[in-house]
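Descriptive structure summary
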Amino acid sequence: QVQLVESGGRAVQAGGSLRLSCDASGRTDNIYTMDWFRQAPGKERESVASMTWTGGMTYYRESVRGRFTVSKDSGRNRLYLEMKSLNPEDTAVYYCNAKLIVGRLYDYWGQGTQVTVSS
């Protein structure tokens, strides 16, 4: 099992920057990928960025590419999401997700952190 705790979300003005963190604990040796998702009010949860935990390969959804950067501190089992040039469409609850492979795929979620971007 893996526990995930996000932090760093707050209210910012459009054009501003934020860095979100996700601390992982538990069976972190079995993590395959860690991802950031977000869910805006009335909308479905969507993938924002993804990173393979050992290889460091990354993926970004089109609307954030060039503005958001996902990175990790393997020593601290921490995932970051650096967000720049924020706009009101980025307002959402941001969730950290970890996928583990132990015989089969397991999915774990954090509790989320609120990001609010005002114009």
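Look up a bit, the structure's there.
Let me sum up the structure you'll find in this document. (Residues numbered from 1 in each chain as written. Predicted model: local features only at pLDDT ≥ 70, side-chain atom pairs only at ≥ 80, totals over all residues. Heavy atoms only, no water.)

**Focus: the nonpolar core**
Membership of the largest hydrophobic core comes to 31 residues, with the highest contact counts inside it found for Leu 4, Met 34, Trp 36, Leu 79, Leu 81, Met 83 and Tyr 94. Counting only elements with at least two residues in this core, the list comes to β1 (2-7), β3 (18-26), β4 (31-39), β5 (46-52), β7 (68-73), β8 (78-83), β9 (92-102) and β11 (113-118). Broken down by element, this core gets its largest block of residues, 5 residues, from β9. (Core = buried A, V, L, I, M, F, W, Y, C linked by side-chain atoms within 4.5 Å. Buried < 20%, exposed > 50% of the residue type's maximum accessible area, 1.4 Å probe, protein only. Helix = DSSP H or I, 4+ residues; strand = E, 2+ residues; numbered from the N terminus.)

**A short note on the environment of Gln 111**
Tracing the sequence through the fold places Gln 111 in the loop between β10 (104-109) and β11. If we ignore the near neighbours within four places in the chain, the residues touching Gln 111 are Leu 4, Val 5, Glu 6 and Tyr 95. (Contact = heavy atoms within 4.5 Å.)

**Observations concerning a nonpolar patch on the surface**
Residues Tyr 32, Ile 101 and Leu 105 make up a contiguous nonpolar surface patch of roughly 310 Å² in combined accessible area. Relative to the assigned elements, Ile 101 resides in strand β9. (Patch = residues over 30% accessible without salt bridge, like charges linked within 9 Å, V, L, I, M, F, W, Y side chains within 5 Å. Areas by Shrake-Rupley, 256 points an atom, 1.4 Å probe, with all protein chains shown as cover. Salt bridge = Lys/Arg side-chain N within 4 Å of Asp/Glu carboxyl O.)

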